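Architecture at a glance
So you can see what is in the structure, the chains are spelled out below.
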Amino acid sequence: MISLSASAQEHFRKLVEQQALPGLGIRVVAVDAGTPKGDCQLEFSEPGDRDGSEWEVECDGFSLFVDAHSVPFLDGATIDFARSATGGELTIRAPALRGSVPGEDASVVERVRYVIESEINPQLASHGGRVGLREVTADGIVVLQFGGGCHGCGMVDKTLRGGVEQTLKARVPEVTGVADATDHASGSTPYYKRQANA
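Parameters at a glance
- Residues numbered from 1 in each chain as written.
- Predicted model: local features only at pLDDT ≥ 70, side-chain atom pairs only at ≥ 80, totals over all residues.
- Heavy atoms only, no water.
- Helix = DSSP H or I, 4+ residues; strand = E, 2+ residues; numbered from the N terminus.
- Expected span 1.5 Å × (residues − 1).
- Core = buried A, V, L, I, M, F, W, Y, C linked by side-chain atoms within 4.5 Å.
- Buried < 20%, exposed > 50% of the residue type's maximum accessible area, 1.4 Å probe, protein only.
- Contact = heavy atoms within 4.5 Å.
- Pairing = 2+ DSSP bridges.
- Salt bridge = Lys/Arg side-chain N within 4 Å of Asp/Glu carboxyl O.
- 1 Å grid on protein atoms, 1.4 Å probe; cavity = no way out; pocket = protein on both sides within 12 Å on 5 of 7 lines; lining within 4 Å.
- Points joined across faces, edges and corners; volume = space filled by probe spheres on them.
- Nonpolar A, V, L, I, M, F, W, Y, C, P; charged D, E, K, R; others polar.

1. A few points about helix 1 (residues 6–19)
- Between its terminal C-alpha atoms helix 1 stretches 20 Å, which fits the 20 Å expected from 14 residues at 1.5 Å a residue.
- Positive phi appears at Ala-20, one or two residues downstream of helix 1, with a value of about 50°.

This is the structure:
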């Protein structure tokens, strides 16, 4: 399951003791698990907050509770704490947290979704935009829904053809093209305003 170094256990034990609340533990949750954005969230876990589905890892002076839905993504994780002059740094290594690159035997939808989350959305995020997958048609057309700064953006056609389509075709050979299913007229915060006749 999860292993904590002696220094991590000492760090958490001190935090729990400072709170002076009987039964207090530490809770770890996998956030955006299985995607390239996967991360871990740590927080205190009061007895009344637990529903019994959590996995309990007994440590020296406290317990670490892992949310049931997070267990597959945190299996084999290690938590360490390195002291430094400024306090210290907590490190969590969870090999399964972000999932893995879909293999060649994965479905077209899985591979397209992975490329969108790992390559395309991080680039669009610089403009406050994002794109979601609506469907992949039988003839290989990827139907997309734009949001955020891309919703109603005057440059969305260039983004779609010059960036998104080229990336998807290069990474997923079955993709023959892309289509935009977004109602851009309803976009309220576009990165670039659309021309009146656009």
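2. Focus: the nonpolar core
- Formed by 22 residues in total, the largest nonpolar core has its most connected members in Ile-2, Leu-4, Val-28, Phe-62, Leu-64, Leu-74 and Ile-79.
- Elements that contribute at least two residues to this core include exactly helix 1, strand 2 (25–31), strand 5 (63–66), helix 2 (71–74) and strand 6 (78–84).
- Other than its neighbours up to four places away in sequence, Leu-4 contacts Gln-9, Phe-12, Cys-59, Phe-62, Leu-64 and Ile-79.
- Leu-124, Leu-144, Val-172 and Val-175 belong to the second-largest nonpolar core, a separate cluster that totals 19 residues.

3. Concerning the pairing of strand 5
- Residues Ser-63 and Phe-65 of strand 5 are buried on one face, and the alternating residues Leu-64 and Val-66, pointing to the opposite face, are buried as well.
- Strand direction decides the pairing type here: strand 2 and strand 5, joined by three bridges, are parallel. Note that in strand 5 the partner of Arg-27 across the bridge is Phe-65.
- In textbook terms, the turn of a hairpin is the stretch between consecutive antiparallel strands, and for strand 4 (residues 55–58) and strand 5 this stretch comprises four residues, one of which, Gly-61, has a positive phi near 95°.

4. Describing unusual backbone geometry
- For Ala-20, which is not glycine, the phi dihedral falls at a positive 50°.
- Within the element layout of this structure, Ala-20 appears in the loop between helix 1 and strand 2.
- Here Ala-20 falls in the exposed class, since its relative accessible area comes to 66%.
- Located in the positive-phi region is Asp-32, a residue other than glycine, with phi close to 55°.
- The residue Asp-32 is located in the loop between strand 2 and strand 3 (39–45) in this model.
- Using a relative accessible area of 41% as the deciding quantity, one classes Asp-32 as partly exposed.

5. Some words on the pattern of salt bridges
- Counted according to the given criterion, the structure contains nine salt bridges.
- For Glu-10, the salt bridge identified is with Lys-14, shortest N-O distance 3.2 Å. Here the residue Glu-10 and the residue Lys-14 both occupy positions in helix 1, the gap between them amounting to four residues, near one helical turn.
- Residue class for Lys-14 comes out partly exposed when judged on its relative accessible area of 43%.
- One continuous salt-bridge network, built from bridges that share partners, spans Glu-10, Lys-14 and Arg-83.

6. Regarding empty space enclosed by the protein
- In the structure shown here, the tally under the stated rule is one cavity of 30 Å³ or more.
- Considering the residues around the largest cavity, the lining is formed by Arg-27, Ser-45, Asp-49, Arg-50, Glu-54, Phe-65 and Asp-67.
- Across the lining of the largest cavity, the residue classes break down as one nonpolar, one polar and five charged.

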